[in-house]
Amino acid sequence: MTDDAPALAQPSSLRLTPAFLIGAALVGLHVVVGLMTLVWTPYDPTAMTGGRLAPPSLLHWAGTDRLGRDLFTEIMIGARIALAVGSGAVTIAAAIGVTVGLLAAFASRAVDDVLAATLDILIAFPTLLLAMLIVAASDGASLGTAILAIGVAASAIVARLTRILARRVLAMDYVTAARVSGTSWLGIVRIHVLPNIWPTLVVNFALQFGLAVIAEASLSYLGLGAPPPNASWGRLLQEAQATVYTAPFGAVAPGLALVSLVIGLNLFADGLRDVADPTRRRRG
Amino acid sequence: MSLIDLSAVSFAYGRGRNVLDGIDLKIEAGRNLGIVGESGSGKTTILRLLLGLARPTAGRMTFRGEGLDPGNRAVMRGFRRAVQAVFQDPYSSLDPRQKVFDIVAEPLRSLKIDMDIDDAVAGALASVDLPPDAARRYPHEFSGGQRQRIAIARAIVSRPELVLADEVVSALDLTTRIRIVDLLKTLSERTTLVLVSHDIGFVALLCHDLVILEKGRIVEQGAARDILSAPQHPYTRRLLDSTPRLMDFA
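Scoring rules and cut-offs
- Residues numbered from 1 in each chain as written.
- Chains lettered and ligands numbered in written order.
- Predicted model: local features only at pLDDT ≥ 70, side-chain atom pairs only at ≥ 80, totals over all residues.
- Heavy atoms only, no water.
- Helix = DSSP H or I, 4+ residues; strand = E, 2+ residues; numbered from the N terminus.
- Buried < 20%, exposed > 50% of the residue type's maximum accessible area, 1.4 Å probe, protein only.
- Contact = heavy atoms within 4.5 Å.
- Areas by Shrake-Rupley, 256 points an atom, 1.4 Å probe, with all protein chains shown as cover.
- Salt bridge = Lys/Arg side-chain N within 4 Å of Asp/Glu carboxyl O.
- Pairing = 2+ DSSP bridges.
- Axes fitted to C-alpha atoms, helices over the stretch in contact; angles between N-to-C directions.
- Patch = residues over 30% accessible without salt bridge, like charges linked within 9 Å, V, L, I, M, F, W, Y side chains within 5 Å.
- Lys, Arg positive; Asp, Glu negative; His and termini not counted.
- Charge placed at Lys NZ, Arg CZ, Asp CG, Glu CD.
- 1 Å grid on protein atoms, 1.4 Å probe; cavity = no way out; pocket = protein on both sides within 12 Å on 5 of 7 lines; lining within 4 Å.
- Points joined across faces, edges and corners; volume = space filled by probe spheres on them.
- Nonpolar A, V, L, I, M, F, W, Y, C, P; charged D, E, K, R; others polar.
- Left-handed = near helix turned anticlockwise from the far one by under 90°.
- Expected span 1.5 Å × (residues − 1).
- Arc of directions from axis to C-beta.
- Phe/Tyr/Trp six-rings, centres within 6.5 Å; stacked < 30°, edge-to-face > 60°.

Trainee: Which residues make up the overall build of chain B, and what are the values?
Mentor: A count of helical and extended segments in chain B gives 10 helices and 10 strands. When the backbone C-alpha atoms are referred to their principal axes, chain B occupies close to 50 × 45 × 35 Å. Looking at the 250 residues of chain B, the share that counts as buried comes to 56%. Across chain B, the fraction of contacts at a sequence separation of at least 24, relative to all contacts at a separation of at least 6, is 66%. Per element, the accessible surface of chain B, about 10,600 Å² overall, is 46% carbon and sulfur.

Trainee: Explain unusual backbone geometry to me, and be specific about the residues and the numbers.
Mentor: Residues and elements named next belong to chain B. A positive phi angle is found at Ala8, which is not glycine, with a value near 50 degrees. Relative accessible area serves as the criterion here: at 40%, Ala8 is assigned to the partly exposed category. The backbone phi angle of Asp129 is positive, close to 60 degrees, even though this residue is not glycine. Summarising the element assignment, Asp129 is placed in the loop between α4 (117–127) and α5 (144–156).

Trainee: Describe the pattern of salt bridges, with residues and values.
Mentor: Residues and elements named next belong to chain A. Scanning the entire structure with this criterion turns up 17 salt bridges over all chains. Across the salt bridge formed by Arg160 and Asp120, the nearest N and O atoms sit 3.2 Å from each other. Highlighted residues: Arg160 in helix α5 (residues 143–170) and Asp120 in helix α3 (residues 109–124), separated in sequence by 40 residues. Judged by relative accessible area, Arg160 falls into the partly exposed class, the value being 35%.

Trainee: Provide a residue-level description of the sheet that holds strand β10 (residues 217–223) of chain B, including the pertinent values.
Mentor: Residues and elements named next belong to chain B. Taken together, the six strands give an open sheet; going across it, the order is β6-β7-β8-β3-β9-β10, and neighbouring strands pair in mixed fashion. Two strands bound the open sheet, and with one partner strand each, they are β6 (83–86) and β10. The average angle at which neighbouring strand axes cross in this sheet is 15 degrees, direction not considered. Sheet topology note: the strand β3 (residues 33–36)/strand β8 (residues 192–197) ladder contains four bridges and is parallel. Paired with Leu33 across the two strands is Val194, which belongs to β8. Along the sheet, α5 makes contact with β6 and β7 (162–166), crossing β6 at roughly 175 degrees.

Trainee: Account for the pairing of β8 of chain B, with residues named and values stated.
Mentor: Residue and element names in this part refer to chain B. In terms of burial, β8 is largely enclosed, as six of its six residues are buried. Of the two faces of β8, the one carrying Thr192, Val194 and Val196 and the one carrying Leu193, Leu195 and Ser197 are both buried. For β7 and β8, the ladder comprises five bridges, and the chain directions are parallel. By the bridge assignment, Val163 is partnered in β8 with Leu193.

Trainee: Got a sec to walk through the pairing of strand β4 (residues 58–63) of chain B? Specific residues and values, please.
Mentor: In summary, the side chains of a regular strand alternate between the two faces of the sheet. All names here are of chain B. Where strand β1 (residues 4–12) lies against β4, five bridges are found, and the strand directions are antiparallel. When the sheet's bridge partners are listed, Leu6 is paired in β4 with Met61. Strand direction decides the pairing type here: β4 and strand β5 (residues 66–67), joined by two bridges, are antiparallel. From the neighbouring strand, Phe63 faces β5, where its bridge partner is Glu66. If you look at the hairpin formed by β4 and β5, you'll find two residues sitting between the two strands, and Arg64 has a positive phi there, around 50 degrees.

Trainee: Run through the sheet that holds strand β2 (residues 18–27) of chain B, naming residues and quoting values.
Mentor: Residues and elements named next belong to chain B. In space, the four strands of this open sheet follow the order β2-β1-β4-β5, with antiparallel pairing throughout. Where the open sheet ends on each side, the last strands, each with one partner, are β2 and β5. Most of the contacts of helix α1 (residues 43–50) go to β2, to which it runs at about 55 degrees, and overall it touches β1, β2 and β4. The strands touched by helix α2 (residues 73–82) are β1, β4 and β5; relative to β4, the strand with the most contacts, the crossing angle is about 75 degrees.

Trainee: Let's hear about a positive patch on the surface: which residues, and what values?
Mentor: A surface patch of like charges, here positive, comprises Arg73, Arg77, Arg81, Lys112, Arg159 and Arg190 of chain B. Take Arg190 of chain B: its relative accessible area is 55%, and that puts it in the exposed class.

Trainee: I'd like to hear about empty space enclosed by the protein, residue by residue, with values.
Mentor: Applying the stated rule across the entire model yields two cavities of 30 Å³ or more. In this structure, the largest cavity occupies an estimated 100 Å³ of space. What lines the largest cavity is Leu53, Thr64, Asp65, Arg66, Leu71, Leu236, Glu239, Ala240, Thr243, Ala247 and Gly250 of chain A. With three residues, the top contributor of residues to the lining of the largest cavity is helix α8 (residues 233–241) of chain A. In the lining of the largest cavity, the residues fall into five nonpolar, three polar and three charged. A volume near 30 Å³ is recorded for the second largest cavity. The wall of the second largest cavity is formed by Glu167, Val168, Val169, Ser170, Arg177, Ser197, His198, Asp199 and Phe202 of chain B. Split into classes, the residues belonging to the lining of the second largest cavity amount to three nonpolar, three polar and three charged.

Trainee: Break down the packing of helix α2 (residues 71–106) of chain A against helix α7 (residues 185–221) of chain A for me, citing the residues and quoting the values.
Mentor: Each pair of packed helices can be described by the angle between their axes along with the distance between the axes. Residues and elements named next belong to chain A. As a packed pair, α2 and α7 sit with axes 8 Å apart at the nearest point and diverge in direction by 145 degrees. Viewed along their axes, α2 and α7 form a crossing whose handedness is right-handed. On the side of α2, the interface is formed by Ile81, Ala82, Leu83, Val85, Gly86, Ser87, Ala89, Val90, Ala94, Val98, Leu102 and Phe106, while α7 contributes Trp185, Val189, Val193, Leu194, Leu201, Phe205, Gln208, Phe209, Ala212, Val213 and Glu216. A per-class count over the contact of α2 with α7 returns 19 nonpolar, three polar and one charged.

Trainee: Could you give an account of helix α6 (residues 174–187) of chain B, with specific residues and numbers?
Mentor: Residues and elements named next belong to chain B. Counted at 1.5 Å a residue, the expected span for α6 with its 14 residues is 20 Å, and the 20 Å between its end C-alpha atoms agrees. All buried positions along α6 are accounted for by Thr176, Arg177, Ile180, Val181, Leu183, Leu184 and Leu187. Relative to the axis of α6, the buried residues are bounded by an arc of 165 degrees and lie together on one face.

Trainee: Explain the packing of aromatic side chains to me, using residue names and the numbers behind them.
Mentor: This structure, assessed with the given rule, holds six aromatic pairs over all chains. Arranged with centres 6.0 Å apart and planes meeting at 75 degrees, the rings of Trp198 of chain A and Phe205 of chain A form a pair that is edge-to-face. Measuring from centroid to centroid gives 4.8 Å for Phe11 of chain B and Tyr13 of chain B, while their planes differ by 85 degrees, and the two rings are edge-to-face. Its relative accessible area of 44% is what places Tyr13 of chain B among the partly exposed residues.

Structural data, given as structure tokens:
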């Protein structure tokens, strides 16, 4: 390690990668579309506005479903459902996971061992299976139950990641320096632990968001997600299954919507790490 | 009255054997103290005790004559204000997500010290020969030696009476070491230093007194000049023979 170069390095500058911009555009598009459905859709999503299983046309951009409803309208509403489930599930996963993970990181070894074993057992269950169990144990399938089930299932993964990251930070000399400086444990969490684990957590949240969207589509596909008339992408895919050879666009359109949102979230997450982490910025 | 007094202090991790055994040690204001020993001698543990990060399993540690009770907030606040530290690794001792200003200002904020934070941080940075605009940068924008200067600025910003430095130059190259030693020498005019190191040559440059640790016990202590000129214990002689001396190069 060498000392003082006469001049300090130039300040670092923020780097927005093309992947981040593409991800942000894809996610942004879904958000705009999802929000738009609150005030406007091309057609009434429950109205039969065209022939059954009609192909894409100027009147029906994605064609119609087996009841003659406009598929593009349903996909737009599906975006709203997907974003609601993703944000709700990630909020629940973050609230439970980060809290439990931090408690485990600060806990005594015996308590930490118990928490770590519990988390490992929960993680061993596939998210979808755990979600199905929670849905089955509740009054019935609903959007709220799906959000809760997916959020609880994802919280174990978030908790384990938080615990590992927080323990790594707590072992650093700057935390010891903070203790020597009289910073309280809550202050250490606020000033040092959360800012240092945040970039990795944000990436994980975005990945969990994508997984939650897929999980909700899977639950809806199995009839355990948002019940009709909610136009979930999973339900659209399930309905299109019987006619996939005669009217393939009924499956392709919601599938494309689902994939584009998940890819967008992943690209956005990776770029977000650069934005949130000053050490990853390049020197200007 | 001593700043810190360790009396028959022992320490063990969990139910393991003592890593420190019967330590008697006084830190007097104005007399820099060097604690020297090889790996496993108990240096780091004694540093943790002196910083109030661990409590003796036997014996007594006092600060200005009072026992250190973590439940006594007034005493602990006074202790934290009076005792600060610089750590070995300048890369892990600075929070990479904080700007230098916030790093240096942390003791002032945490201890709620009634000082103008902007002025105090600027003054601390100036004391370690860093320009004012360093405050707006992140640690990764600095070299290892500059980072150690930032860590020293953090340690002195609250104007502590005692600064404990753990192997503070061992991760630095020789040229940088000499600069940091010069800086510490200047700082020691206004604060007492306790240097913990395996390098007896380095601590001898800055310390009035030396404590030689071997396997958790003090084998020799006294004035640095006496120990360097006439070491009494074979372990001290071995340390002196085997340690490259910074003054040979300075």
